[in-house]
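Single-letter residue listing:
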Amino acid sequence: MPLDAPRLNSLGLPKPVSETRVVVAMSGGVDSSVVAAQLAEEGYDVVGVTLQLYDHGAALAKKGACCAGLDIHDARRVAETMGFPHYVLDYENIFKDAVIDEFAESYLAGATPVPCIRCNERVKFKDLLQTARDLDADCMATGHYIQRKMGVAGPELHSAADANRDQSYFLFSTTPEQLDYLRFPLGHLASKTETRALAAKYGLSVADKPDSQDICFVPNGNYASVIEKLRPGAAEPGEIVDVDGTVLGRHNGVIHYTVGQRRGLGIGGLVDPLYVVKLDVDAKRVIVGPKELLSTRVVPVREINWLGDEPFDSRSEWAISVKVRSTRPPRDAIVRPLSATEAEVELITPEEGVSPGQACVFYDPDSTRILGGGWIWRGH
């Protein structure tokens with residue numbers, strides 16, 4: 001570095017800390033609260049922003065969610081404690097249009113959607129990020145457990161130091177332009193225990209607050225009840241059949257089932273267990289079969305966001321690792337581009353329960369870098 005080059009601050013920006021404005025996306029949880037408090041203590045010009053994503057009244061009594069009611073109150077208290085401004089933006093309509101409606105349609109089509117990814121992609125890292133720019137912020141920081149590292153070609157996305165907290169599966173659609181502006185101050189921490197210790201150090205009221213577990217607008221993980229409210233009449237009954245079409249029983253709505261499900265089928269007297277292997281929404285049929293039918297080797301993927309240094313379709317195939325579920329480790333695969341945004345993914349070892357609507361996230365097998373990913377679909 002030349003002697004006259006400006007020194008970079010802890011956020012990698014060539015400005016004095018006191019002159020660097022940071023918008024912190026605050027959900028009201030301990031993670032984003034610690035990020036805001038830490039940056040404020042370091043002397044940054046912190047502005048906290050919380051998005052109200054759904055109805056206050058429905059959320060006030062619901063624990064374990066984010067971005068509504070009590071969580072907005074908690075975020076405001078943190079800002080008061082640390083002495084920085086805090087704003088609440090009403091994003092209910094945007095959230096419904098960009099996330100909830102697609103969730104309902106996707107689920108009704110027999111897919112297993114991941115709305116948290118769409119929320120990051122279409123709300124937090126799009127509209128909120130633009131709001132941060134409008135506030136003349138130099139960057140936007142979040143409490144996500146993921147790392148941003150500088151590479152030869154620019155910022156790279158890397159898995160969190162704590163594999164148990166890593167949120168890379170939910171952030172694969174972060175674009176290079178967004179990554180240039182975003183910061184993730186917690187990604188290097190070894191455990192959540194360190195985060196809570198920091199919260200206690202700063203005297204934050206959320207230091208012992210439980211982590212959110214459910215999708216924010218899906219109480220207790222009951223997808224079906226939410227779909228019924230959003231789309232009345234969606235829970236129409238139909239037949240449970242085997243792969244040959246033999247009727248084995250009845251169901252009270254396709255929306256109550258997911259691919260890979262074994263329990264709750266209501267089919268007795270069978271020697272071998274049966275699993276949901278397919279949902280035929282149009283025919284209102286739940287198709288069941290033996291476990292081996294759940295194994296998938298070839299996965300069609302589209303809407304690919306590529307974060308590699310070379311163009312995605314510059315090669316006929318990529319030998320990388322992929323995750324097809326957030327709870328599973330990356331597995332070896334061959335990814336064959338069909339275009340800049342579509343590919344066929346061949347899993348070296350077949351996976352069970354690969355479902356349309358889930359993400360397929362790409363990883364560099366030789367490092368912690370995330371190379372992007374796309375959405376699993378049924379193919380042509």
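The text that follows walks through the structure, step by step, so that each part is easy to find.

About the thresholds
Positions within a chain are numbered from 1, following the residues in the order the chain's sequence is written. Only residues with pLDDT of 70 or above have their local features reported here, since the model is predicted, and side-chain atom pairs are shown and tallied only from 80 upward, although totals for entire chains, interfaces and linings are computed over all residues. Each side-chain value is worked out from all heavy atoms of the structure, with water and hydrogens disregarded. Put simply, DSSP marks the helices as runs of H or I at least four residues long and the strands as runs of E at least two long, and each gets a number from the N terminus on. Throughout this description, buried means an accessible area under 20% of the type-specific maximum (1.4 Å probe, protein chains only), exposed means over 50%, and partly exposed covers the range between. Within 3.5 Å is the distance limit for a polar contact, defined as a pair of N or O atoms, with the added protein rule that one can donate a hydrogen and the other accept it, and that residues adjacent in sequence qualify only through two side-chain atoms. By definition in these notes, contact holds between two residues if any of their heavy atoms fall within 4.5 Å. Helix axes use the C-alpha atoms of the stretch in contact, all axes being lines fitted to C-alpha atoms, and the angles between their N-to-C directions lie in the range 0 to 180 degrees. In this scheme, roughly parallel covers angles under 35 degrees and roughly antiparallel covers those over 145, while 65 to 115 is roughly perpendicular and the rest are oblique. Two helices crossing with the near one rotated counterclockwise from the far one by less than a right angle form a left-handed crossing, whereas a clockwise rotation gives a right-handed crossing. Put simply, Ala, Val, Leu, Ile, Met, Phe, Trp, Tyr, Cys and Pro go in the nonpolar bin, Asp, Glu, Lys and Arg in the charged bin, and everything else, Gly too, in the polar bin. It is the directions from the helix axis to the C-beta atoms whose arc is reported. One bridge is not enough; two strands pair if DSSP finds at least two bridges between them. The rule is short: rings of Phe, Tyr and Trp, with Trp giving its six-membered ring, pair when the centres are within 6.5 Å, and they are stacked under 30 degrees, edge-to-face over 60, tilted in between. Criterion for a charge above a ring: Lys NZ or Arg CZ within 6 Å of the ring centre, and within 35 degrees of the ring normal. Note on definitions: salt bridges are taken to be side-chain nitrogens of Lys or Arg within 4 Å of carboxyl oxygens of Asp or Glu.

Within the element layout of this structure, glutamine 147 appears in strand E5 (residues 146-151). Among the residues examined, glutamine 147 registers a relative accessible area of 16% and is labelled buried. Within polar-contact distance, the side chain of glutamine 147 engages the backbone oxygen of serine 159 at 2.9 Å. Not counting chain neighbours up to four residues away, the residues in contact with glutamine 147 comprise Glu156, Leu157, His158, Ser159, Ala160, Ala161, Gly187 and His188.

With that settled, the discussion passes to the packing of helix H1 (residues 30-42) against helix H7 (residues 192-201). Relative to each other, H1 and H7 sit at 55°, their axes nearing to 9 Å. Put simply, H1 runs oblique to H7. In this structure, H1 meets H7 at a crossing whose hand is left-handed. Contacts between H1 and H7 involve Val30, Asp31, Val34, Gln38 and Glu41 from the first element and Lys192, Thr195, Arg196, Leu198, Ala199 and Lys201 from the second. Residue composition of the contact of H1 with H7, by class: four nonpolar, two polar and five charged.

Looking now at helix H8 (residues 223-230). Side chains of residues three or four places apart in an α-helix project in the same direction, reflecting 3.6 residues per turn. When H8 is considered as a whole, its buried residues turn out to be Ala224, Val226 and Ile227. Down the axis of H8, the buried set is contained in an arc of 160°. They therefore lie on one face. Residues of H8 that are buried sit in contact with helix H4 (92-108).

What follows deals with the sheet that holds strand E13 (residues 318-323). Read around the closed barrel, six strands run E12-E15-E14-E13-E16-E17, paired in antiparallel fashion. Each neighbouring strand pair of the sheet contributes to a mean axis angle of 45°, computed without reference to strand direction. Pairing between strand E12 (residues 295-306) and strand E17 (residues 370-376): four bridges, direction antiparallel. Note that in E17 the partner of asparagine 305 across the bridge is glycine 373.

As a further point, take the packing of aromatic side chains. Applying the stated criterion to the full structure yields eight aromatic pairs. Ring geometry for phenylalanine 125 and phenylalanine 184: centres 6.5 Å apart, planes at 50°, overall tilted. One end of the pair, phenylalanine 125, is in helix H5 (residues 115-134); the other, phenylalanine 184, is in the loop between strand E7 (182-183) and H7, and 59 residues separate them in sequence. Comparing phenylalanine 125 with phenylalanine 184 shows no difference in burial state: the two are buried. Centroid distance tryptophan 306 to phenylalanine 312: 5.0 Å. Interplanar angle 45°. Geometry classified as tilted. Residue class for tryptophan 306 comes out buried when judged on its relative accessible area of 12%. Looking at phenylalanine 312, the relative accessible area reads 3%, which means it is buried. The aromatic ring of tyrosine 181 is capped on one face by arginine 133, whose charged end is 4.1 Å from the ring centroid. The lysine or arginine in question, arginine 165, covers the ring of tyrosine 145, its NZ or CZ lying 5.4 Å from the ring centre.

Right, let's get into the pairing of strand E6 (residues 154-159). Where burial is concerned, most of E6 is hidden: five out of the six residues are buried. Following E5, the chain reverses through two residues before pairing antiparallel with E6.

Here we take up the pattern of salt bridges. Within this structure, the stated rule accounts for 27 salt bridges. Between lysine 96 and aspartate 101 there is a salt bridge whose closest N-O contact spans 3.0 Å. Residue classification places lysine 96 among the partly exposed residues on the basis of a relative accessible area of 38%. Arginine 122 is paired through a salt bridge with glutamate 121; the nearest N and O atoms lie 3.8 Å apart. Accessibility expressed as a relative area gives 23% for arginine 122, which makes it partly exposed. Residue glutamate 121 is classed as partly exposed on the basis of its relative accessible area, which comes to 21%. Among the ionic contacts, a cluster of salt bridges with common partners joins Asp31, Arg165, Lys192, Arg196 and Asp211.

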